[in-house]
Amino acid sequence: PLPAVVILGRPNVGKSTLFNRLIGKRLALVDDQPGVTRDRREGEAQLFDLKFRIVDTAGLEEAEAESLSGRMRAQTEAALEGAAAALFVVDARAGLTEGDRHFARWLRQQGRVPIVLVANKAEGVVGTEGAMEAYALGLGDPVLFSAEHGEGLADLFEALQPIL
Ligand code: GDP
Ligand code: MG
């Protein structure tokens, strides 16, 4: 079976757009409203010559990120179960939230699944500058990405290829 890569992050950062970009079909529901993806969606992703299973998760609620307990933690752990890697997506335009920081801290500590940090919405000067904030999460160099414009695919490949 193909290795699984799970997309994680708070609502509205562009997880489903990234999912769609990687599977090349519009299967996941994308909407301006946060938390629209209710269920996990899976598809087969192709990134240059790299093939993997990609899993889109629902956005994790900000309130629950405060304690990183309960449903959020259970959902994340379930999503990470058996995964080869996770893409932790942040929004380069909106800036980091307290929820992003809590979540990043937890991801750093879990230590089981390699994390690739993706600064999405990084197109243009505003996005590039905004993405620099993501270095502070302590999850390594962010992959500057634009799911909407299809930018950063080569950098995402470079980050995932050694892991998968
Ligand atoms: P999710 O809740 O994390 O799954 O986020 P969605 O994929 O539903 O996207 C939320 C919003 O961000 C939508 O309005 C998308 O069109 C927008 N979006 C997604 N990717 C990008 C991007 O790369 N750049 C910009 N500017 N907007 C994006
Ligand atoms: Mg979604």
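Below is a summary of the structure that appears in this document. For clarity, every value in this text was computed on a predicted model and none was experimentally measured.

Turning to the overall build of the protein, a few remarks are in order. Helix and strand counts for the protein come out as six helices and six strands. Start at the N end of the protein and walk to the C end: the helices and strands fall as β-α-β-β-α-α-β-α-β-α-β-α. Counting over 164 residues, the protein shows a buried share of 41%. Pairs at least 24 apart in sequence give 67% of the contacts found in the protein among residues at least 6 apart.

The subject of this paragraph is the pairing of strand β4 (residues 85-91). The buried fraction of β4 amounts to six of the seven residues, a majority that puts the element mostly inside the structure. Of the strand pairs in this sheet, strand β1 (residues 4-8) and β4 are connected by four bridges, and their pairing is parallel. In the sheet register, Ile7 faces β4, and the bridge partner there is Leu87. As paired elements, β4 and strand β5 (residues 115-120) share six bridges and run parallel to each other. Pairing of Val90 across the sheet is with Ala119, part of β5. Running through helix α4 (residues 98-110), the crossover from β4 to the neighbouring parallel element β5 is right-handed.

This part is about the sheet that holds strand β3 (residues 50-56). If you walk across this open sheet you meet the six strands as β2-β3-β1-β4-β5-β6, and the pairing is mixed. What marks the edges here is a single partner per strand, and that holds for β2 (41-47) and β6 (143-144).

Time to look at the nonpolar core. Among the nonpolar cores identified, the biggest contains 40 residues, and Phe88 and Ala119 are the most heavily contacted of them. The contacts of Phe88, once residues within four sequence positions are left out, are Leu8, Gly9, Ala104, Leu107, Ile115, Leu117, Val118 and Leu139.

The two faces of the sheet receive side chains in turn, since in a regular strand these alternate between them. Two elements, β2 and β3, share seven bridges in a ladder whose sense is antiparallel. Residue Arg41 lies in a different strand from β3, and its bridge partner there is Asp56. The antiparallel pairing of β2 with β3 creates a hairpin that spans two residues between the two strands, and Phe48 there sits at a positive phi of about 50°.

This paragraph deals with unusual backbone geometry. Positive phi is not limited to glycine here, since Asn12 has a value of about 80°. Its place among the elements puts Asn12 in the loop between β1 and α1 (15-23). By the C-beta count within 10 Å, which is 17 here, Asn12 ends up partly exposed. The phi dihedral of Lys121 is positive, around 65°, even though this residue is not glycine. Under the C-beta neighbour-count criterion, Lys121 is labelled buried, with 25 such atoms within 10 Å.

This next bit is on the environment of Ala45. Mapping Ala45 onto the fold places it in strand β2. In contact with Ala45, not counting residues within four places along its chain, are Leu22, Ile23, Phe52 and Ile54.

What follows covers the environment of Asn20. Relative to the helices and strands, Asn20 resides in helix α1. For the pair formed by Asn20 and Ile54, sequence separation is 34 residues and the distance between their alpha carbons is 9.8 Å.

Okay, helix α5 (residues 124-131) next. All of the buried residues in α5 are Gly127, Gly130 and Ala131. Across the axial projection of α5, the buried residues extend over an arc of 100°, all falling on one side. Within α5, the exposed residues directed more than 90 degrees away from the buried face are Val125 and Glu129. Elements that come into contact with the buried residues of α5 comprise β5 and β6.

Procedures and definitions
- Residues numbered from 1 in each chain as written.
- Chains lettered and ligands numbered in written order.
- Predicted model: local features only at pLDDT ≥ 70, side-chain atom pairs only at ≥ 80, totals over all residues.
- Helix = DSSP H or I, 4+ residues; strand = E, 2+ residues; numbered from the N terminus.
- Buried ≥ 20, exposed ≤ 12 C-beta atoms within 10 Å, placed from the backbone.
- Contact = placed C-beta atoms within 7 Å.
- Pairing = 2+ DSSP bridges.
- Right-handed = clockwise from strand over helix to strand, strands pointing away.
- Core = buried A, V, L, I, M, F, W, Y, C linked by C-beta atoms within 7 Å.
- Arc of directions from axis to C-beta.

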